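# Structural characterization, general
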Amino acid sequence: MDIKTVSKTPDEVIHYPQADADDIELGPADVEHVVEIFNTPLTGSYNWDYSIQDDRIRKLYELGKKLNWNAEVDINWDLPMFHHLAPDLNAFLDYEPYARLDEDGQREVNQHLNAWTLSQFLHGEQGALLVASQLASCAPTYNAKLYAASQTFDEARHVEAFNKLIQTRVGLSYPVDPSLKSLLDKILTDPRWDLKFIGMQLVIEGFALSAFTTMKSIAEDSIVGELLHYIIRDEARHVTFGVNYLEAYVQTLSEEDKEARAMFAYEACVVARERLIPTGVFQHFGWDVAQAREIYLRGPLVNKFRDLLFTRIMPNLRRIGLLTDAVRPKFEELGILEYEHLPDDYDIDWAEISKPLHDAA
Ligand SMILES: [Fe+2]
Ligand SMILES: [Fe+2]
């Protein structure tokens, strides 16, 4: 086993031999495991009370077991892949370095933008996998430990599915975006389990749920759409778990502790907002990053969807009591406070979330 520990997060684009990627069998000698260390002063807990509380957390756990899916079996990987960006969503149509490219050149840029987004999903899923596994140790109650374990397996399957999509169909992957990485660092290394919980289950997953839904609505590739459909169903359970568990828990905190959590959630939202900008792609093509960034932010995709990405997070933060008077003006400044009164994920649509895998719309 060849393990290489690095002190700096890798920053290169990786290309995969796409044509026969499915057939490549790599042996131990072919793989170098690139590892970056993080330390966490994890405070775990045993739970010696095995009484089974019949609550929503248990119901979600049962659903999680029932709705397991398998990327190898449930997805038809044989369809062709599109690297196409609908013209009405492309911010760069009039940007000279893009406009002067021929069709192949533009397709390559689109492929990179696609790879960048899917790679951030992949890295985010790995973060979720690591946090969920920490929560199995840290969460204090019986049902929550079992649920965190089932979520850990969900996240492993999400990592597997996005990785397969990237390696066999997109053909290249991007390194983790620095703002996403700093958010994951913050969550993974904080000793307080409930901050991990807030950061992951509410902010990152709420954000991912909106991002996946957005991507599903514009994806022209049917495999991307199908895969996101399965993942969205899992994530909806994860967010509901977070809202239900945290609502009860936050009420037990002192005002001072509550403010610290509210501030943490706000800071996580600020960082999450940044991760939408594919600066890595601009750098790769030698574009002027500041200029491309500005054009991207003015573009139709961002204008249409950027704030929508907070439509799950804000009502959920309000629901669990973390939109305190101290942080409200800050969210107002970000322009996303208005979403607080949208439906939250506490009262989930059980009929919808319980549908058999292949029946759901
Ligand atoms: Fe996930
Ligand atoms: Fe998740």
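Above this text sits the structure in question.
Notes on the structure in this doc start here. (Residues numbered from 1 in each chain as written. Chains lettered and ligands numbered in written order. Predicted model: local features only at pLDDT ≥ 70, side-chain atom pairs only at ≥ 80, totals over all residues. Heavy atoms only, no water.)

Our focus in this paragraph is the overall build of the protein. The helix and strand inventory of the protein stands at 15 helices and four strands. A globule of 361 residues ought to have a C-alpha radius of gyration of about 21 Å, and the protein, at 21 Å, matches this closely. Taken along the three principal axes of its C-alpha coordinates, the protein extends 65 × 50 × 45 Å. Residue burial in the protein is summarised as follows: out of 361 residues, 51% are buried. Across the protein, contacts joining residues at least 24 apart in sequence account for 85% of those joining residues at least 6 apart. As presented, the protein carries roughly 17100 Å² of accessible surface, and 52% of it is formed by carbon and sulfur atoms. Averaged over its 34 positive side-chain charges, the protein has a centre that lies 5 Å from the centre of its 59 negative ones. (Helix = DSSP H or I, 4+ residues; strand = E, 2+ residues; numbered from the N terminus. Rg over C-alpha atoms; globule rule 2.2 N^0.38 Å. Buried < 20%, exposed > 50% of the residue type's maximum accessible area, 1.4 Å probe, protein only. Contact = heavy atoms within 4.5 Å. Areas by Shrake-Rupley, 256 points an atom, 1.4 Å probe, with all protein chains shown as cover. Lys, Arg positive; Asp, Glu negative; His and termini not counted. Charge placed at Lys NZ, Arg CZ, Asp CG, Glu CD.)

Spanning 26 residues, helix α7 (residues 193-218) covers 36 Å between terminal C-alpha atoms, matching the ideal 38 Å at 1.5 Å per step. Its axis deflected by about 30° at Glu205, α7 carries its strongest bend there. By the criterion of burial, α7 is predominantly enclosed, with 22 of the 26 residues buried. (Expected span 1.5 Å × (residues − 1). Bend = angle between axes of the 7 residues up to and from the residue.)

This brings us to the packing of aromatic side chains. Scanning the entire structure with this criterion turns up 24 aromatic pairs. Both rings, one in Phe197 and one in Tyr245, keep their centres 5.5 Å apart while their planes meet at 20°; by these two values the pair is stacked. In this pair, Phe197 is assigned in helix α7 and Tyr245 in helix α8 (residues 222-250), connecting sequence segments 48 residues apart. Note on accessibility: Phe197 and Tyr245 belong to one class, buried. What links up through ring pairs into an aromatic cluster is the set Phe92, Tyr95, Tyr98, Phe282, Phe285, Trp287 and Tyr296. One cation-aromatic arrangement involves Lys59 over Trp350; the distance from NZ or CZ to the ring centre is 4.2 Å. Directly above the ring of Phe153 sits Arg157, whose terminal nitrogen or CZ lies 5.0 Å from the centroid. (Phe/Tyr/Trp six-rings, centres within 6.5 Å; stacked < 30°, edge-to-face > 60°. Lys NZ or Arg CZ within 6 Å of the ring centre and 35° of its normal.)

With that settled, consider the packing of helix α5 (residues 142-170) against α8. Orientation of α5 relative to α8, taken along the N-to-C sense of each, is 155°, at an axis distance of 11 Å. The angle between α5 and α8 places the two elements in the roughly antiparallel class. Of the two elements, α5 crosses α8, and the hand of that crossing is left-handed. Contacts between α5 and α8 involve Ala144, Tyr147, Gln151, Asp154, Glu155, Arg157, His158, Ala161, Phe162, Leu165 and Arg169 on the former and, on the latter, Ile223, Val224, Leu227, Leu228, Ile231, Asp234, Glu235, Arg237, His238, Phe241 and Tyr245. Tallied by class, the residues present in the contact of α5 with α8 amount to twelve nonpolar, three polar and seven charged. (Axes fitted to C-alpha atoms, helices over the stretch in contact; angles between N-to-C directions. Parallel < 35°, antiparallel > 145°, perpendicular 65-115°, else oblique. Left-handed = near helix turned anticlockwise from the far one by under 90°. Nonpolar A, V, L, I, M, F, W, Y, C, P; charged D, E, K, R; others polar.)

In this section: the coordination of the iron ion (ligand 2). Around a metal, the ideal angle is 109.5 degrees if four donors adopt a tetrahedral arrangement and 90 or 180 degrees if six donors adopt an octahedral arrangement. Note on the iron ion (ligand 2): its protein donors are Glu155 (OE), Glu205 (OE), Glu235 (OE) and His238 (ND1). The metal-donor distances range over 1.9 to 2.2 Å. What the four donor atoms of the iron ion (ligand 2) show is an angle range of 80 to 157° at the metal, which sorts the shape as irregular. Every donor residue of the iron ion (ligand 2) comes from the same chain, spaced as E-x49-E-x29-E-x2-H. Here the iron ion (ligand 2) and the iron ion (ligand 1) are spaced 3.2 Å apart, linked through Glu155, which binds each one. With Glu155 in helix α5 and Glu205 in helix α7, the pair connects residues that are 50 residues apart, well separated along the chain. The class of Glu155 is buried, set by a relative accessible area of 0%. (Donors = N, O, S within 2.8 Å, 3.2 Å for Na, K, Ca; no water. Tetrahedral: all angles 85-135°; square planar, octahedral: opposite > 155°, others 65-115°.)

Protein-derived ligands of the iron ion (ligand 1) are Glu125 (OE), Glu155 (OE), His158 (ND1) and Glu235 (OE), with the metal-ligand distances lying across 1.9 to 2.2 Å. Of note is the iron ion (ligand 1), whose four donor atoms meet at the metal with angles of 89 to 141° in an arrangement that counts as irregular. Between consecutive donor residues of the iron ion (ligand 1), the sequence gaps follow E-x29-E-x2-H-x76-E.

Once that is clear, we can look at helix α6 (residues 178-189). The end-to-end C-alpha separation of α6 is 16 Å, in line with the 16 Å expected for twelve residues at 1.5 Å each. Buried residues of α6: Ser179, Leu180, Lys181, Leu183, Leu184, Ile187 and Leu188, and no others.

What follows is about the pattern of salt bridges. Under the counting rule described, the total for this entry stands at 25 salt bridges. Salt-bridge contacts for Arg328 lead to Glu340; the nearest nitrogen and oxygen are separated by 2.7 Å. With Arg328 in helix α14 (residues 328-334) and Glu340 in the loop between α14 and α15 (350-354), the pair connects residues that are twelve residues apart, well separated along the chain. Classification of Arg328 by relative accessible area gives partly exposed; the value is 24%. Among the charged side chains, a salt-bridge network with shared partners connects Asp154, Arg157, Asp234 and Arg237. (Salt bridge = Lys/Arg side-chain N within 4 Å of Asp/Glu carboxyl O.)

Residues Tyr46, Trp48 and Tyr50 make up a contiguous nonpolar surface patch of about 500 Å² in total accessible area. Relative to the helices and strands, Tyr50 resides in the loop between β3 (32-36) and α1 (56-66). Assessed through its relative accessible area of 51%, Tyr50 is described here as exposed. (Patch = residues over 30% accessible without salt bridge, like charges linked within 9 Å, V, L, I, M, F, W, Y side chains within 5 Å.)

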